[in-house]
Each structure stands twice: as structure tokens, then as C-alpha cells.
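Okay, here's what each chain looks like letter by letter:
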Amino acid sequence: MITPEQFRFFADLVKASSGIALGKGKEYLLESRLNELAKVLGLKDLDELYRKARFQMTPKLKDQIIEAMTTNETYFFRDQHPFEALKNEIVPDLMANNNGRKQIRFWSAACSTGQEPYSIAMTLSEYFPGLSTWNTEILATDISQQAIQKGQAGRFTQVEVNRGLPVTLLIKYFKQQGAFWIVDSRLKKNMRFRRLNLLQPFVGIRDLDVIFCRYVLIYFDQQTKKQIIEKLVKVLRPGGYLVLGATETPVGMPSVMQRKMFGRALCWQKNL
Ligand SMILES: C[S@@+](CC[C@H](N)C(=O)[O-])C[C@H]1O[C@@H](n2cnc3c(N)ncnc32)[C@H](O)[C@@H]1O
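The sections below set out a description of the structure shown in this document. (Residues numbered from 1 in each chain as written. Predicted model: local features only at pLDDT ≥ 70, side-chain atom pairs only at ≥ 80, totals over all residues. Heavy atoms only, no water.)

1. Regarding the overall build of the chain
Short version of the rule: Secondary structure elements are defined from DSSP: runs of H or I of at least 4 residues count as helices, runs of E of at least 2 residues count as strands, and each element is numbered from the N terminus. Computation of the radius of gyration draws on C-alpha atoms, with the globule rule given as 2.2 Å multiplied by the number of residues to the power 0.38. Classification of residues uses two cut-offs on accessible area relative to the type maximum, computed with a 1.4 Å probe and protein chains only: under 20% is buried, over 50% is exposed, and between them is partly exposed. Should any heavy atoms of two residues lie within 4.5 Å, those residues are considered in contact. Each accessible area is a Shrake-Rupley result for a 1.4 Å probe, and residues are judged covered by the shown protein chains and nothing else. Positive charges come from Lys and Arg alone, negative charges from Asp and Glu alone, with His and the N- and C-terminal ends not counted. To locate a charge, the coordinates of NZ of Lys, CZ of Arg, CG of Asp or CD of Glu are taken.
Counting its regular elements, the chain contains 11 helices and 10 strands. Computed over the C-alpha atoms, the radius of gyration of the chain is 20 Å, within 12% of the 19 Å expected from 2.2 N^0.38 for a compact globule of 272 residues. Counting the 272 residues in the chain, one finds 49% classified as buried. Long-range pairs, those at least 24 residues apart, make up 75% of the contacts in the chain with a sequence separation of at least 6. Looking at the chain as shown, the accessible area adds up to about 13700 Å², and 51% of this sits on carbon and sulfur atoms. Measuring between centres, the 39 positive side-chain charges of the chain sit 4 Å from its 26 negative side-chain charges.

Spelled out as C-alpha cells, the structure:
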């Protein structure tokens, strides 16, 4: 059993480093994830992991603890409606407004293992052939190095491609290799994966037209949520869009952002 002192120590560490808030009631989650990590590291138990973290902490161990506490649940075309909104409203609007620059930049700001940015790339490839002469970029970031590596490899199991991906798109954009499905290089062409902690400064990230930041703010407290939303809005171009998770009602959305309902997708557009 995790002791209250151990829980406080790990919860504080995780909150300070990643923003993930582990309040009361999360003892079991922390205990089971860290027991698993202790096993992977060849330690006897959670007590030994606690002593190591407390008295011999290294940057690597800290990363491993954070990594263990992230929830990487994701699937292709999650919630569907935001991708309908991209197809029917957002990209047509941006193409009309950015015709001079011929550039559109997307950011999947907690991309997990890549299903979200690849879903964006498939939407663009399927419905906007005209973008082939544009400079289109998709930036995909996450705090989890393991998730980023998996996304970059673009290698998915049968179970993963069965979740949300229409079979026509599977056949068109993936190649089967043994037990895995590998993403076609066409989808990866304009995509860049990078490790990024949303709590830290967004170095080198600016002038975005569309930001997907879905199902990550739910892990943060109100103040952290508000700070991250402000930072996201800052790097958005005028007229750009922010898409949050379906269940996420942001407190403190800056007044430059207008609420837009596209079909059943709630999006936020920055004033022009
Ligand atoms: C539940 S997944 C959501 C993935 C995807 N956006 C979706 O909607 O399917 C949440 C992701 O947020 C990442 N995450 C948690 N805290 C983070 C932070 N401080 N900075 C960046 N990513 C973070 C986790 O590693 C995880 O991959």
C-alpha cells in the first residue's frame, strides 16, 4: 500500500513537472502505475522506487515517473466531429484566407502515439488535393518520449487500426508488414514529431492556423489549464482555430477567441 507521504511526494513531483494533477482518490492509479515501473526498473517494490526518487533522483528517473503517469489513450478520428469541421469549415476558410501565403500550419499539441495528426493528414489528403501545391505542415508533440517515438515510426497494431480508421483509408494509407500496419510516407511528408511539455515555453512554435489540444487539459487543474490555453492562443495566427476535446469546457478562454459550433464540433476562432 502506498503511504500518504509517498503519495504526496509522487503527486507533487508529477504535478510540478507535467501539470498532471493527482488529487485524492488517485492513490490506486499512482500505486499501480509506479509498481509497474518499479518492476520494469528491476526494483523490489514501490518503497524502493520511492527511496530512489527521494534520495537519488536523476533526470532520467524523473522522466520515467512522468511517463508512467501519462494516459496515452487515443484512436483515429477520435470523436469524428472535429474532423468533419476541418473538412467542411476550417480548411476551406483557411484556404480562402491564406491564398496569398499558400501556407497552413497545424499542431496536434498532445498527439500521444500519432493517431490524431495522422487523422488530420488523411483528412487533408482525401478532401483537399489543392493543398499539394501549398506549404502544409503538421507539428505533432507530446510529453511522452515513448508516444512520440511510436508516432514517428507510424507502426500500428491491428487493434489500433481497428479503432476509428475506415477500412478504405487503412488500405489506401497503410501497408501491412507482419503483424503491423505502417503509415505511408505520403502522410509523413509534412509531419514533424517533437517532444514538448505544454507546461514549458513553446520554443520555436508560432504562427499556427489550427491547434488540436484534446483530452490533455482534463488532467490539469484550473489555473494550469488557463495558462496553457493563453499560451496556445498566443501562438495562433489571427483567424486561426483551436479545437479542444468534446467534454472540455474551458474556463478563462481569452476574449479574442470566438466560440464556433460547426455541426456538432465546438471550435474556437481567434479574431482576425
Ligand atoms: C489521452 S491522450 C490524448 C491524445 C490525443 N490528443 C487524443 O485526443 O486522442 C493525452 C496525452 O497528453 C499527454 N500529456 C500529458 N501531460 C502533458 C504535458 N504536460 N505536455 C504535453 N503532453 C502531455 C500524454 O502523454 C498523452 O499522450
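Picking up where we left off.
2. Here we look at the packing of helix α5 (residues 81-97) against helix α6 (residues 115-127)
Convention followed: Geometry is summarised by axes, namely lines fitted to C-alpha atoms with helices restricted to the contacting stretch, and by angles between N-to-C directions that run from 0 to 180 degrees. Should an angle fall under 35 degrees it is called roughly parallel, over 145 degrees roughly antiparallel, and 65 to 115 degrees roughly perpendicular, with every other angle called oblique. For any pair of crossing helices, the crossing counts as left-handed if the nearer helix is rotated counterclockwise from the farther one by less than a right angle, and right-handed if it is rotated clockwise. Residues were grouped as follows: Ala, Val, Leu, Ile, Met, Phe, Trp, Tyr, Cys and Pro as nonpolar; Asp, Glu, Lys and Arg as charged; and all remaining residues, including Gly, as polar.
Taken N-terminus to C-terminus, the directions of α5 and α6 make an angle of 50 degrees; their axes are 10 Å apart at the nearest point. Between α5 and α6, the angle falls in the class oblique. The two elements α5 and α6 meet at a crossing, and its hand is right-handed. Contacts between α5 and α6 involve Phe83, Leu86, Lys87 and Val91 on the former and, on the latter, Glu116, Ser119, Ile120, Thr123, Leu124 and Tyr127. Split into classes, the residues belonging to the contact of α5 with α6 amount to 6 nonpolar, 2 polar and 2 charged.

3. Quick notes on helix α1 (residues 4-18)
Quick note on the threshold: Helix span, expected: 1.5 Å multiplied by one less than the number of residues in the helix. Think of it as the arc spanned by the lines of direction from the helix axis to the C-beta atoms.
With 15 residues, α1 extends 21 Å between its outermost C-alpha atoms, agreeing within 8% with the 21 Å of an ideal straight helix rising 1.5 Å per residue. Among all positions in α1, only Gln6, Phe7, Phe10, Ala11, Leu13, Val14, Ser17 and Ser18 are buried. On an axial view of α1, the arc spanned by its buried residues comes to 160 degrees, and they lie on one face. With respect to the buried face of α1, the exposed residues turned more than 90 degrees away are Pro4, Arg8, Asp12 and Ala16.

4. Some points on the sheet that holds strand β4 (residues 174-177)
The pairing of strands in a sheet happens through backbone hydrogen bonds and is either parallel or antiparallel. Put simply, the rule is: Note on pairing: DSSP must find at least two bridges between two strands before they are called paired.
One open sheet holds the 3 strands; their spatial order is β3-β5-β4, and the pairing between them is antiparallel. The open sheet terminates on both sides in strands that have one partner only, identified here as β3 (155-157) and β4. Each neighbouring strand pair of the sheet contributes to a mean axis angle of 35 degrees, computed without reference to strand direction. Strand direction decides the pairing type here: β3 and strand β5 (residues 180-183), joined by 3 bridges, are antiparallel. Across the sheet, Phe156 pairs through a bridge with Trp181, a residue of β5.

5. Points about the packing of aromatic side chains
Under the convention used in this document: The rule is short: rings of Phe, Tyr and Trp, with Trp giving its six-membered ring, pair when the centres are within 6.5 Å, and they are stacked under 30 degrees, edge-to-face over 60, tilted in between.
Summed over all chains, the structure comprises 12 aromatic pairs. With a centroid separation of 6.0 Å and 90 degrees between ring planes, the pair formed by Tyr118 and Phe156 is classed as edge-to-face. A residue pair is termed long-range when its members are at least 10 positions apart, and Tyr118 in helix α6 and Phe156 in strand β3 qualify at 38 residues. Assessed through its relative accessible area of 0%, Phe156 is described here as buried. Judged by centre distance (6.3 Å) and plane angle (70 degrees), the ring pair of Phe156 and Phe174 falls under edge-to-face.

6. Regarding the site of the ligand
For clarity, the cut-off: The criterion for a residue being near a molecule or strand is simple. One of its heavy atoms has to lie within 4 Å of it. In protein, a polar contact means a hydrogen-donor-capable atom and an acceptor-capable atom, both N or O and within 3.5 Å, with residues adjacent in sequence counting only if both atoms are side-chain atoms; elsewhere, any N or O pair within 3.5 Å suffices.
Around the ligand sit 22 residues, and of these Ser18, Thr74, Ala110, Asp142 and Leu198 come closest. Arg78 has a polar side-chain atom sitting 2.9 Å from an oxygen atom of the ligand. Broken down by class, the residue content of the shell around the ligand amounts to 9 nonpolar, 8 polar and 5 charged.

7. Thoughts on the sheet that holds strand β2 (residues 135-142)
Spatially, the 7 strands line up as an open sheet ordered β6-β2-β1-β7-β8-β10-β9, and their pairing is mixed. The open sheet has two edge strands with one neighbour each: β6 (191-195) and β9 (257-262). Sheet twist, expressed as the mean angle between neighbouring strand axes with direction ignored, is 20 degrees. Bridging between β9 and strand β10 (residues 265-270) involves 6 bridges; their strand directions are antiparallel. Looking at β10, one finds that Met257 is bridged to Lys270. Sheet strands touched by α5: β1 (103-108), β7 (208-213), β8 (236-244), β9 and β10. Its angle to β7, the strand with the most contacts, is close to 170 degrees. In the packing of α6 onto the sheet, the strands contacted are β1, β2, β6 and β7, and the crossing angle to β2 comes to about 165 degrees.

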